[in-house]
Amino acid sequence: MPIDNLQQAAQQIASFLNSVIRHGGLRLKYRVSATAAAEDSEHAGAQVLNVELAGSDAPMLTQRGGELLRSLEHIAIQILRLDVREHDLVSFDALNFKALRQQEIQLAAETAAERVRQSGMPYSFPPTNSRERRMLHLAVKNMEDVESASIGEGQERYLVVYPKGKTHLPAPVPAMPSRSSYGGDRGDRGRGDRPRRDSGYGRR
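Criteria and thresholds
- Residues numbered from 1 in each chain as written.
- Predicted model: local features only at pLDDT ≥ 70, side-chain atom pairs only at ≥ 80, totals over all residues.
- Heavy atoms only, no water.
- Salt bridge = Lys/Arg side-chain N within 4 Å of Asp/Glu carboxyl O.
- Helix = DSSP H or I, 4+ residues; strand = E, 2+ residues; numbered from the N terminus.
- Axes fitted to C-alpha atoms, helices over the stretch in contact; angles between N-to-C directions.
- Parallel < 35°, antiparallel > 145°, perpendicular 65-115°, else oblique.
- Left-handed = near helix turned anticlockwise from the far one by under 90°.
- Contact = heavy atoms within 4.5 Å.
- Nonpolar A, V, L, I, M, F, W, Y, C, P; charged D, E, K, R; others polar.
- Expected span 1.5 Å × (residues − 1).
- Buried < 20%, exposed > 50% of the residue type's maximum accessible area, 1.4 Å probe, protein only.
- Pairing = 2+ DSSP bridges.
- Right-handed = clockwise from strand over helix to strand, strands pointing away.

Q: Please explain the pattern of salt bridges as it appears in this structure.
A: Oppositely charged side chains can pair when the atoms bearing their charge come close. Considering all chains together, one arrives at 8 salt bridges under this definition. A salt bridge links Glu 67 to Arg 64, with the nearest nitrogen and oxygen atoms 3.2 Å apart. Within this pair, Glu 67 and its partner Arg 64 are both found in helix α2 (residues 58-79), separated by 3 residues, close to a single helical turn. Notably, a salt bridge pairs Lys 98 with Glu 73, separated by 2.5 Å at the nearest N-O pair.

Here it is in structure tokens:
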């Protein structure tokens, strides 16, 4: 379902950001614009509100894996009272963080898929937010010989890459989330839960 009134929604976001910037003494500026959702997305035909933040304090938004940037985005989504299925209709970015993150996630998915092909065993990513899990799901969806599913609840929910048709295999217990990209060794892993299957498009 699209955002009913884009202009009103943009004004609400602007009011929120003005308050944050003023009370926080932040050296930030922003631009709110609307663009059409990608044709291959579940929101095809809808408009997405994009918020681009810049200024000398912009780097702090992307520190610690973009935690502050995501927090601002999450609060804006709550202000607009969007359904969980509509969260992708608002996107906050700074210093091209999301595009760079997309590249990291794509590379991580490719690396995990190759490891699964070679070992024949599942691979678990650290717990992450629903948007990044979906990005991983979509990346894996386009690969041969592997598939993905999400396991866990809330902040402990994580994505597992399986050999195609073998989601019955026990999933490794994931390492704690990293502040950087998904690459690198995950350390010791025991046997974890079996997946509660989802398609990558529902609840995460």
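Q: Honestly, the packing of helix α3 (residues 97-119) against helix α4 (residues 130-141) in this entry has me stumped. Any pointers?
A: For any two helices packed against each other, one specifies the crossing angle of their axes together with the interaxial distance. Contact pair α3 / α4: the axes reach a minimum separation of 9 Å and the direction vectors enclose 50 degrees. The angle between α3 and α4 falls in the class oblique. The hand of the α3/α4 crossing is right-handed. Within the contact between the two elements, α3 uses Lys 98, Arg 101, Gln 102, Ile 105, Gln 106 and Ala 109 and α4 uses Arg 131, Glu 132, Met 135, Leu 136, Ala 139 and Val 140. Tallied by class, the residues present in the contact of α3 with α4 amount to 6 nonpolar, 2 polar and 4 charged.

Q: Help me out: how do you make sense of α3 in this one?
A: Relative to the 33 Å expected for 23 residues at 1.5 Å per residue, α3 spans 33 Å between its end C-alpha atoms, a close match to the ideal helical length. Buried residues of α3: Phe 97, Arg 101, Ile 105, Ala 108, Ala 109, Ala 112, Ala 113 and Val 116, and no others. If you follow the buried residues of α3, they end up packed against α2, β3 (90-94), β4 (123-124), α4, β5 (146-151) and β6 (158-163). A positive phi of about 75 degrees marks Gly 120, the residue just after α3.

Q: Explanation requested: the pairing of strand β2 (residues 47-54) in the structure shown.
A: When a strand is regular, its side chains alternate between the sheet's two faces. Where strand β1 (residues 29-36) lies against β2, 8 bridges are found, and the strand directions are antiparallel. Paired with Ala 34 across the bridge in β2 is Leu 49. Two strands pair when backbone bridges link them, and β2 and β3 are joined in this way by 5 bridges, in the parallel orientation. Directly across from Val 51, in β3, lies its bridge partner Phe 92. In this view, the connection linking β2 to its parallel neighbour β3 by way of α2 has right-handed handedness.

Q: Before we go on, may I ask you to explain unusual backbone geometry in this structure?
A: Most peptide bonds take the trans form, and the phi angle of most residues other than glycine is negative. Although it is not a glycine, Arg 81 sits at a positive phi angle of roughly 55 degrees. With a phi angle near 55 degrees, Leu 95 is a residue other than glycine that sits in the positive phi range. With respect to the helices and strands, the residue Leu 95 is situated in the loop between β3 and α3.

Q: Just to check I follow, could you spell out the environment of Ala 36 for this structure?
A: Tracing the backbone shows Ala 36 in strand β1. Classification of Ala 36 by relative accessible area gives exposed; the value is 54%. A C-alpha to C-alpha distance of 4.6 Å links Ala 36 and Gln 47, two positions 11 residues apart in sequence. Discounting chain neighbours no more than four positions away, the residues touching Ala 36 are Ala 46 and Gln 47.

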